[in-house]
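# Structural overview for review
One letter stands for each residue in the lines below.
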Amino acid sequence: MKVIQMLPTISYGDAVGNDVLALRRAILHMGFETGIYAENIDPRLPKDTAKNVHSMPRLKEEDVILYHLSTGTRLNYELENYPGRKAMIYHNITPPAFFEGYSRHALELCADGLRGMAYLADTAEYCLADSLFNKEQLLEAGYTCRIDVLPILIPFRDYEKKPEQKILKAYAGDGYTNLLFTGRIAPNKRQEDIIRTFYHYKKYYNEKSRLFLVGSYTGMERYYQRLQDYIKELELEQVYFTGHIRFEEILAYYHMADAFVCMSEHEGFCVPLVEAMYFGIPILAYDSSAIADTLGGSGFLTDTKDPLVNAGILNRILQDEDLREAMLKKETQRLHDFRSEAIEEAFQSYFRAFLET
């Protein structure tokens, strides 16, 4: 029996791509023949990591397609035509309204993705959702099949690599407090709310502080420019946008961060929260979408966007040693739930149960 993973795009180093590669190992460990097939394949991936969907082998009725849904694509409407059983992993689709005025392409792609997600309700025999939030979206879209919640498989061993030393030498250990958010520059991430919180923190609590916004803004240039204009309007200094950078550089920012600040309004899982846990960084996050699911009782959840309130919370986290230690203890405990062995074991259990139906 074959278990084929299919998806529109497999990218180098992103959450969905890493999940696909980790699940390939889990499927192989179960003894099944497998392969990865995509419409678009990142050229930075090792040769033969994945093949084009047009070269998929002919499947039999007992074979399984494990389909990763995260965007708009023709595959959403063609999946039903392939032989074999269909199981789906739902990674979430950002509501298109977030992109109004910033990117017509992203708006249309996400709108099509949501239509495709609804269309697949009658095709998917079984679903895995990255979070309870994602599961609830599938139920609201009319899915009646069994849906289990399985966090993304995260390759923690990659985080043991040596961080970029030039960045550490430039910013670490100089007496400044370094605030961090990692994630693409995008309207749903609400980087303006992080900037607003940083402005009040810097003004009222700690002049010697910096904010690093790590992530690509390709395709979101209008939003990026709006953020730049806002920073100028505030006459705010020491806000740094890195753009797209190498993995070793990302690691450096995690190594020197004193706090991780997330004001995002839509996340299907939010891997950077888990990364912050791994590096022992206290987390302040706005309570939206899947954020609470991922934090699992760790971090500090705020229910307000009031920047003065959040700046005060941030200062308390950084100044109150007992609070910070208690937060980091809970983050370490939560991190244990994301161990690769635990997630792989859960996947295999869920998948065997599906095969038996």
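To keep things clear, this report deals only with the structure shown in the data block. Keep in mind that what you see is a predicted model, and the values were worked out from it rather than measured. (Residues numbered from 1 in each chain as written. Predicted model: local features only at pLDDT ≥ 70, side-chain atom pairs only at ≥ 80, totals over all residues. Heavy atoms only, no water.)

### Details of a nonpolar patch on the surface
The grouping of Tyr204, Tyr205 and Leu308 at the surface amounts to a nonpolar patch, some 320 Å² of accessible area in total. Relative to the elements of secondary structure, leucine 308 occurs in helix α11 (residues 307–319). (Patch = residues over 30% accessible without salt bridge, like charges linked within 9 Å, V, L, I, M, F, W, Y side chains within 5 Å. Areas by Shrake-Rupley, 256 points an atom, 1.4 Å probe, with all protein chains shown as cover. Salt bridge = Lys/Arg side-chain N within 4 Å of Asp/Glu carboxyl O. Helix = DSSP H or I, 4+ residues; strand = E, 2+ residues; numbered from the N terminus.)

### Side note on the sheet that holds strand β11 (residues 259–262)
One open sheet holds the 6 strands; their spatial order is β10-β9-β8-β11-β12-β13, and the pairing between them is parallel. Of all strands in the sheet, those bounded by a partner on one side alone are β10 (239–241) and β13 (300–302). Averaged over neighbouring strand pairs, the angle between their axes works out to 20 degrees when direction is ignored. With 3 bridges connecting them, strand β12 (residues 283–286) and β13 associate as parallel partners. In the sheet register, leucine 284 faces β13, and the bridge partner there is phenylalanine 300. Most of the contacts of helix α9 (residues 271–278) go to β11, to which it runs at about 165 degrees, and overall it touches β8 (177–182), β11 and β12. (Pairing = 2+ DSSP bridges. Axes fitted to C-alpha atoms, helices over the stretch in contact; angles between N-to-C directions. Contact = heavy atoms within 4.5 Å.)

### A short note on unusual backbone geometry
Here aspartate 48, not a glycine, exhibits a phi torsion of approximately 70 degrees, which is positive. Within the element layout of this structure, aspartate 48 appears in the loop between β2 (33–41) and β3 (51–52). The residue cysteine 270 is not glycine, and still its phi comes out positive at about 80 degrees. Along the chain, cysteine 270 turns up in the loop between β11 and α9.

### Some details on the packing of α11 against helix α12 (residues 321–336)
Viewed as axis vectors pointing N to C, α11 and α12 meet at an angle of 90 degrees, and their least axial separation amounts to 5 Å. With respect to α12, the axis of α11 lies roughly perpendicular. For the pair formed by α11 and α12, the contact residues are Arg316, Ile317, Leu318 and Gln319 on the first element and Glu321, Leu323, Arg324 and Met327 on the second. Across the contact of α11 with α12, the residue classes tally to 4 nonpolar, 1 polar and 3 charged. (Parallel < 35°, antiparallel > 145°, perpendicular 65-115°, else oblique. Nonpolar A, V, L, I, M, F, W, Y, C, P; charged D, E, K, R; others polar.)

### Describing helix α8 (residues 247–256)
For α8, every residue scored as buried is listed here: Glu249, Leu251, Ala252, Tyr253, Tyr254 and Met256. On its buried side, α8 packs onto α5 (165–171), β8, β9 (209–214), β11 and α9. (Buried < 20%, exposed > 50% of the residue type's maximum accessible area, 1.4 Å probe, protein only.)

### Considerations on the pattern of salt bridges
All told, the structure shown has 20 salt bridges when counted by the stated rule. Notably, a salt bridge pairs arginine 190 with glutamate 265, separated by 3.3 Å at the nearest N-O pair. With arginine 190 in the loop between β8 and α6 (191–204) and glutamate 265 in the loop between β11 and α9, this pair connects stretches of sequence that are 75 residues apart.

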